[in-house]
Amino acid sequence: MQNFFLDQTTIEIHREIKTGNICHVVFDFDGTISLIRDGWQNVMVPMMVEFLQIETDTPEPREELEAIVVEFVDRLTGKQTIYQMIQLSEEIEKRGGKSKAPLAYKDEYNRRLLPVVERRIAKLAAGKLPAETLRVPMALEFLQTLRDLGVSCYLASGTDVEFVRNEAELLGVSEYFDGGIFGALREYKKFSKALVIQKILTDFHLSGSQLLIVGDGYVEIENAKAVDAIAVGVASVEDNIYNMNADKRERLIRAGADIILPDFRDGAQLLKYLLPTTRGLHL
Ligand SMILES: [Mg+2]
């Protein structure tokens, strides 16, 4: 099928899908709903390069280490943060260094990212920054419409669950996730987006076309396609100095996204397309 844009919208349809059945939606958080952690790569990458330099005797120049780090950080985005730290540990060991536990690196990363996040949260709390500037455009309105339609919504994030809960609250979106808010756990094997998706399918005896997955990372798009769910890729703009995700749209398409949009500005039209039999709602 040739991809096409829904009439006068920013919504790109890439595959013919079975519409009209959706009753559960799983959202990714960072980059999909929230921009609070936008630019996190600017903290993670230099930290990892620093540890590679301090904890090994590698002769590789900084730029080379940076390129290696950028590649794996980017590749593992969407999974829990710990997987990026596990890779860092392996890179340190590979270069003859003695690595700390991956969790220790993750704690250090959270410690360094916290001031960035807290500055934004403080501005939000002081009323200097409207919540909508830290949300992906029209995300709140999209969630409200889903609730009006009686569709259950879930949040599943690779960020630690306590941060996700707090940030969702601050952004005014937590009340819309009636299905639950899920995120990374210290016992990281007990959580993955795939597990959340599988549990919803099992609990409600759903077929793929009854479940919609919305995310800006190829991990959740792949998870969606693995169970035949409908996948919407959000090609949101990111602020990182490494030009990571410059080809976000193409990557989401490659991962199997059925639909691509830049944000939720045309969310009402998307729902009209996905749920054409919806009556009595002024979308
Ligand atoms: Mg994301």
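Since the model is a prediction, treat every value here as computed from it, not as a measurement.

A. Main features of the packing of helix H1 (residues 41-54) against helix H3 (residues 81-94). Relative to each other, H1 and H3 sit at 25°, their axes nearing to 10 Å. With respect to their mutual orientation, H1 and H3 come out roughly parallel. Crossing of H1 over H3 shows right-handed handedness. Together, Met44, Met48, Phe51 and Leu52 of H1 and Gln84, Leu88, Glu91 and Ile92 of H3 make up the contact between the two elements. Its residues assigned to classes, the contact of H1 with H3 comprises 6 nonpolar, 1 polar and 1 charged.

B. Region of the structure containing the packing of H3 against helix H4 (residues 102-125). Running from amino to carboxyl end, H3 crosses H4 at an angle of 120°, the nearest separation of the two axes being 8 Å. Here H3 lies oblique to H4, going by the angle between them. When you trace H3 past H4, the crossing you get is right-handed. Note on element contacts: H4 touches H3 through Pro102, Leu103, Tyr105, Lys106 and Tyr109, opposite Thr81, Ile82, Met85, Ile86, Leu88 and Ser89. Here the contact of H3 with H4 is built from residues that sort into 8 nonpolar, 2 polar and 1 charged.

C. The environment of Val136, seen in detail. Inspection of the secondary structure puts Val136 in the loop between H4 and helix H5 (139-148). Judged by local crowding, Val136 falls into the buried class, with 25 C-beta atoms found within 10 Å. Separated by 129 residues in the primary sequence, Val136 and Arg265 have C-alpha atoms spaced 9.3 Å apart. Not counting chain neighbours up to four residues away, the residues in contact with Val136 comprise Thr32, Ile33, Leu35, Val234, Ser236, Asp263 and Phe264.

D. Quick peek at the pairing of strand S5 (residues 180-184). By the bridge criterion, 4 bridges tie strand S4 (residues 152-160) to S5 in an arrangement that is parallel. Residue pairing in the sheet places Ala156 in a bridge with Phe182 of S5.

E. Just helix H7 (residues 193-203), in detail. Among the residues of H7, those classed as buried are Lys193, Val196, Ile197 and Ile200. End-on, the buried residues of H7 take up no more than an arc of 95°, which puts them together on one face. Of the exposed residues in H7, the ones pointing more than 90 degrees away from its buried face are Thr202 and Asp203. Those residues of H7 hidden inside the fold are in contact with strand S3 (24-27), S4, S5, strand S6 (211-215) and helix H8 (218-226). Phi turns positive one or two residues past the end of H7, at His205, with a value near 50°.

Cut-offs used in this document
- Residues numbered from 1 in each chain as written.
- Predicted model: local features only at pLDDT ≥ 70, side-chain atom pairs only at ≥ 80, totals over all residues.
- Axes fitted to C-alpha atoms, helices over the stretch in contact; angles between N-to-C directions.
- Helix = DSSP H or I, 4+ residues; strand = E, 2+ residues; numbered from the N terminus.
- Parallel < 35°, antiparallel > 145°, perpendicular 65-115°, else oblique.
- Left-handed = near helix turned anticlockwise from the far one by under 90°.
- Contact = placed C-beta atoms within 7 Å.
- Nonpolar A, V, L, I, M, F, W, Y, C, P; charged D, E, K, R; others polar.
- Buried ≥ 20, exposed ≤ 12 C-beta atoms within 10 Å, placed from the backbone.
- Pairing = 2+ DSSP bridges.
- Arc of directions from axis to C-beta.

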